[in-house]
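Listed below, chain by chain, are the residues.
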Amino acid sequence: PVKDFAPIMLVGGVSNVMIVPPGSTAKTPMDVIAQAKAKPGMTFSSGGSGTSHHLSGVLFGQLTNTELTHVPYKGAPQGILAVMTGEVNMGFYNTPTVINQIRENKLKGLAVTSMGKSPLLPSLPTMDASGVKGYEVNTWFGFVAPAGTPPDVVMKLNNDIAKIVSNPVVKEKLSAQGFDFAPTSPPS
């Protein structure tokens, strides 16, 4: 990627949320760890292999020394539904895709995967603060162009995108969905 793309701008990112079915007895990530150690092979869903949802579960298993079974779905909505219905034991999904279900008690959120608490889910601790030390997963969003794009074009795109993401309406809509903005800066 370093050789094939010219960076335009890092816009920001979102954390994931560790979720369990609403009827789960787990109240914390430590409860999930205890359950996973008592019953190796505990299932977690994802929106597909290689997604941040999948890698979040793999990292959780590695850091907690638990044996988990990954159940990939065709997309995040199907994976989230599998957690809601109890078809799987848990999942890790981007905040914007699960925040409404958590607020409506259709899912139970246990912790966020960022190192800082989410302003949208302030009652949830971080995974690190919950005892899974060093756990951090954030998905970032940005813009790139093909390598060799003229610098003046990259700079124009950077300036135009900076204007768009600094628009109060755009900022408000993305912030309401759990989007954390990176400081805008010229491409490096």
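The preceding data block contains the structure.
Residues numbered from 1 in each chain as written. Predicted model: local features only at pLDDT ≥ 70, side-chain atom pairs only at ≥ 80, totals over all residues. Heavy atoms only, no water.

A. Here's a closer look at helix α2 (residues 52-64). Compared with the 18 Å implied by 1.5 Å per residue over 13 residues, the 18 Å span of α2 between its first and last C-alpha is a close match. Of all the positions in α2, only S52, H53, H54, S56, G57, F60, G61 and T64 are classed as buried. In the segment just after α2, N65 is the residue with positive phi, at about 55°. (Helix = DSSP H or I, 4+ residues; strand = E, 2+ residues; numbered from the N terminus. Expected span 1.5 Å × (residues − 1). Buried < 20%, exposed > 50% of the residue type's maximum accessible area, 1.4 Å probe, protein only.)

B. Molecular detail of the nonpolar core. With 18 residues, the main nonpolar core has M18, V32, F60, M90 and M127 as its most contacted residues. Only β1 (5-20), α1 (29-38), β2 (42-46), β4 (90-94) and β5 (108-112) provide two or more residues apiece to this core. Residue contributions to this core peak at three residues, all from α1. In contact with F60, other than residues within four places in its own chain, are M18, P29, V32, I33, T66, L68, M90, F92, M127, V132 and Y135. In this structure, Y73, A82, I102 and L120 belong to the second largest nonpolar core, which totals 17 residues. (Core = buried A, V, L, I, M, F, W, Y, C linked by side-chain atoms within 4.5 Å. Contact = heavy atoms within 4.5 Å.)

C. Broad picture of the pairing of strand β3 (residues 68-72). Here β2 pairs with β3 via five bridges, running parallel. Note that in β3 the partner of T43 across the bridge is T69. Handedness of the crossover joining β2 and β3 through α2: right-handed. (Pairing = 2+ DSSP bridges. Right-handed = clockwise from strand over helix to strand, strands pointing away.)

Fair warning: the whole summary comes from geometry, so function is off the table for now.
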